[in-house]
Amino acid sequence: MDIKKLVAAAVAAVLGLVLLVVVVASDSGNECPAPATPGGGTAPAGSLVKPTKSGTTTLTSGFGPRWGTEHRGIDFAGEVGTPIYAFTDGRVIAAGPASGFGNWIIVDHQIDGKVVSTVYGHMFDDGVLVKAGDRVSAGQEIGRIGNAGDTTGAHLHFEVWDGGRLPDGVGTAVDPAPWVDQAIEPGQAPAPETGEGDSGAPTSPGTSAAPGLAVYNARQLAIAKQAVAIGEAMGVSERGITVALATIGRESTFRMLASSVVPESLNYPHDGVGSDNKSVNQYQQQVGIWGTVEELMNPVTANVKFYQALLQVSGWESMPVTLAAQTVQASAHPEAYAPWEDAAHAMYSEFKGASKELTPDELSQISSAGRATAVAAGGILPDACPPAGGEHGPLAPGPFGQKVIEAASRWLGTEYAWGGGDVNGPTRGISDGGGAADAHGDTDKIGFDCSGLTLYAVYQASGGAISLPHFTGDHSNPGQLYDARGQAIPFDQKQPGDLIYFGSGGSTHHVGIYHGVKDGQDMLLNAPQSGDVVSIQPLSNWAGEEMYVRRFGDQPTERQPQ
């Protein structure tokens, strides 16, 4: 795609008479629009409702230090099956198993123009009555008290997070007791509304309170509108823009986030502060992987970089929205994007055609935005260091080589760790006896080395049928190179998904996955070396080395002379 041509065409189309899309909105005028009132609630929109009915539970533990740790909520002891009610109107962003909680429910609300999350924990499986993506009303029964997880008896563990509970590290846990004290009983009529100054403040100009979107404030809607406008200006299809919107919803709940780990990011306009490694902005793109702080804290550039990465994913248009988002983000949890798909479709429908409002300056920024610095093609990682054994959705149907690339691309941006990686994903690195790996602290990293990445990709692509050794291969240790399930392929007949080993005289020290041709250059998807990350690099980086091509999977097994 020639972005400059598309931009020139867009500029010509609007003849310079374009209006300003709200790109970096000031804090003024960003009040929350009137919340939606889905059916099923027992109190009108805007009420705060106690999470359990007085008399059915007893407050047994407060907020703060407890047993040598921080207790980030308050506990209401009650009989198993006692109803749990939504604190106020909002959207469920998580519902189901969670470490320590047994099961939890997290609901995001708009209160005083900002995101506040409430967390409900320790339900049994059958005590979770909602699912991620549901909109709930104040006072709606969403769960039932249980005794699952780390508990000493049946109770509700209730938390309030100023700024949001997810993604981790964005918000701050606050004492829920003052909030609960001002809440009404479930089923009780709320106090009469007083007019101006209520939570139902009017929407700012240029935003929308269309049905289904009223749970978002003006700033969130402006961020969504901008993503639509930039995608359209770049010629991205409706499906691609929907992928972007679902990603922004999952990663930041439509907020521009700075990071406490990147102090420089705090100097730019932002809606909240996270601490997930070096991840910033609405997509949670990692500084140094996706670009500089200045680039990533520019919401225009952040959108452009996401779309550029998406368009490099092979077959993304035929993928489910969740899988396409997860492939670009290299996330361990593709299902986490599913709750945002409905909102993404609604936002696209609301803001379709927004590119007509882009200013010439914004169009210029779209044209000049640079690509991510650490990856030449394919997906890029904003989630730092995914956990070992992360769960992924199924690979897309297609040739074996395509599946190898898709599996490995899940971990683009993951740190190199000497000895790291197995058939399930990245693992903690090991010592190399005082060499480069130890110097870079690989034993404290979770990631892949070169052969760990290839054995993972081949295992996943084969549905578990092919488990390769964790070694490239030489005359004393056959490793992957001499595995009988690999077919030797002449170098000039290599295809995407083939493995390429590097060395001399039949002994090798490195392996990567042939990714195809990009801008006239052969590219290699690989875990390069200590201090680096899984990335796609020019094959010419290994010029001068002997290269051995092997093809695994549903290919002819007849081996050819080397």
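Residues numbered from 1 in each chain as written. Predicted model: local features only at pLDDT ≥ 70, side-chain atom pairs only at ≥ 80, totals over all residues. Heavy atoms only, no water.

Visitor: Please clarify how helix α12 (residues 450–461) should be interpreted in this entry.
Guide: Note: α-helices contain 3.6 residues per turn, so residues at a spacing of three or four share the same orientation. A rise of 1.5 Å per residue sets the reference length of α12, with its 12 residues, at 16 Å; its end C-alpha atoms lie 17 Å apart and thus fit the reference within 8%. Along α12, the residues classified as buried are C450, S451, G452, L453, T454, L455, Y456, A457, V458 and A461. At its buried positions, α12 is contacted by α10 (400–409), β20 (499–504), β21 (507–518) and β22 (521–526). Two residues or fewer past α12, G463 is found with a positive phi of approximately 65°. (Helix = DSSP H or I, 4+ residues; strand = E, 2+ residues; numbered from the N terminus. Expected span 1.5 Å × (residues − 1). Buried < 20%, exposed > 50% of the residue type's maximum accessible area, 1.4 Å probe, protein only. Contact = heavy atoms within 4.5 Å.)

Visitor: Explain the environment of E232 here, please?
Guide: Within the secondary structure, E232 sits in helix α3 (residues 218–233). For the pair formed by E232 and K352, sequence separation is 120 residues and the distance between their alpha carbons is 8.4 Å. Once you skip the residues sitting within four places of it in the chain, E232 turns out to touch I241, Y348, F351, K352, G353, A354 and S355. At 3.2 Å, the side chain of E232 forms a polar contact with the backbone nitrogen of A354. (Polar contact = N/O pair within 3.5 Å; in protein donor to acceptor, adjacent residues only side chain to side chain.)

Visitor: I keep staring at unusual backbone geometry and nothing clicks. Help me out?
Guide: Glycine aside, a negative phi is what most residues show, and trans is what most peptide bonds show. Despite not being glycine, H122 has its phi angle at roughly 85°, a positive value. Structurally, H122 is set in the loop between β8 (114–121) and β9 (135–136). With a phi angle near 50°, T253 is a residue other than glycine that sits in the positive phi range. Structurally, the position occupied by T253 is in the loop between α4 (238–252) and β13 (257–259).

Visitor: Can you walk me through the pattern of salt bridges in this structure?
Guide: Two side chains of opposite charge can pair, provided their charged atoms sit close to one another. Per the counting criterion, the structure on display carries nine salt bridges. For D522, the salt bridge goes to K494, with nearest N and O atoms at 3.5 Å. Of the two residues, D522 sits in strand β22 while K494 sits in the loop between β19 (487–489) and β20, which places them 28 residues apart along the sequence. With a relative accessible area of 15%, K494 lands in the buried category. (Salt bridge = Lys/Arg side-chain N within 4 Å of Asp/Glu carboxyl O.)

Visitor: Help me understand the sheet that holds β21 in this model?
Guide: Two orientations exist for strands paired in a sheet by backbone hydrogen bonds: parallel and antiparallel. Read from one edge to the other, the open sheet built from six strands follows the order β19-β24-β20-β21-β22-β23, with strand pairing classed as antiparallel. Unpaired on one side and paired on the other, β19 and β23 (535–538) mark the two borders of the sheet. Taken pair by pair, the neighbouring strands of this sheet meet at an average axis angle of 40°, ignoring direction. Lying on the sheet, α10 is in contact with β21 and β22; it crosses β21 at an angle near 105°. Its contacts with the sheet place α12 against β20, β21 and β22, and it is angled at close to 55° to β21. (Pairing = 2+ DSSP bridges. Axes fitted to C-alpha atoms, helices over the stretch in contact; angles between N-to-C directions.)

Visitor: Hey, could you run me through the pairing of β20 in this one?
Guide: Side-chain direction in a regular strand flips from residue to residue, so the side chains alternate between the two faces of the sheet. Judged by how many residues are buried, β20 sits mostly within the fold: five of six residues are covered. In terms of strand pairing, β20 meets β21 through six bridges, oriented antiparallel. Following the sheet pairing, L499 is matched in β21 by I513. Bridge count for β20 against strand β24 (residues 546–551) is five bridges, and the pairing is antiparallel. Bridging from a neighbouring strand, L499 pairs with R550 of β24.

Visitor: Help me understand the packing of α10 against α12 in this model?
Guide: A pair of packed helices is captured by two measures, namely the crossing angle of their axes and the spacing between those axes. Running from amino to carboxyl end, α10 crosses α12 at an angle of 125°, the nearest separation of the two axes being 8 Å. By the angle class used here, α10 and α12 are oblique. Considering how the two elements wind past one another, α10 and α12 form a crossing that is right-handed. Along its contact with α10, which presents F400, K403, V404, A407 and A408, the element α12 presents L453, Y456, A457, V458, Q460 and A461. Considering only residue class, the contact of α10 with α12 consists of nine nonpolar, one polar and one charged. (Parallel < 35°, antiparallel > 145°, perpendicular 65-115°, else oblique. Left-handed = near helix turned anticlockwise from the far one by under 90°. Nonpolar A, V, L, I, M, F, W, Y, C, P; charged D, E, K, R; others polar.)

Visitor: Would you mind showing me how to read the nonpolar core here?
Guide: Among the nonpolar cores identified, the biggest contains 61 residues, and L245, F254, F306, Y307 and M347 are the most heavily contacted of them. Only β6 (90–98), β7 (102–111), α3, α4, α5 (293–296), α6 (299–311), α7 (321–329) and α8 (341–351) provide two or more residues apiece to this core. Looking at which element gives the most residues to this core, the answer is α6, with seven residues. One finds I405, L468, L499 and Y548 within the second-largest nonpolar core, a separate group that totals 32 residues. (Core = buried A, V, L, I, M, F, W, Y, C linked by side-chain atoms within 4.5 Å.)

Visitor: Any chance you could explain α8 here in plain terms?
Guide: For α8, the set of buried residues is A343, A344, M347, Y348 and F351. One side of α8 holds all its buried residues, which, seen down the axis, span an arc of 135°. In α8, the exposed residues that point more than 90 degrees away from the buried face are D342 and S349. (Arc of directions from axis to C-beta.)

Visitor: Which parts of the structure should I look at to understand the packing of aromatic side chains?
Guide: To describe a pair of aromatic rings, one takes the distance between the centres and the angle between the planes. Throughout the structure, instances matching the rule amount to 11 aromatic pairs. When the ring of F306 is compared with that of Y307, the centres are 6.1 Å apart and the planes differ by 75°; the resulting orientation is edge-to-face. Judged by relative accessible area, F306 falls into the buried class, the value being 0%. Ring pairs connect the aromatic residues F87, Y120, F158 and W179, which therefore count as one cluster. It is R165 that lies over the ring of W161; its NZ or CZ is 4.7 Å from the centre. The ring of Y514 carries the charged tip of K494 above its face, separated from the ring centre by 5.1 Å. (Phe/Tyr/Trp six-rings, centres within 6.5 Å; stacked < 30°, edge-to-face > 60°. Lys NZ or Arg CZ within 6 Å of the ring centre and 35° of its normal.)

Visitor: What is the right way to read the side chain of K225 from this model?
Guide: Inspection of the secondary structure puts K225 in helix α3. Reaching out from K225, the side chain makes a polar contact with the side chain of E357 at a distance of 3.0 Å.

Visitor: In this structure, what is going on with the packing of α3 against α6? I would like to understand it.
Guide: Two elements in contact, α3 and α6, have axes whose closest approach is 10 Å; the angle formed by their N-to-C orientations is 55°. As the angle between them shows, α3 and α6 are arranged oblique. Relative to α6, α3 is oriented so that their crossing is right-handed. Of the residues in α6, those touching α3 at Q226, A227, V228, I230 and G231 are P299, V300, N303, V304 and Y307.

By themselves, these are just geometric observations and shouldn't be taken as functional.
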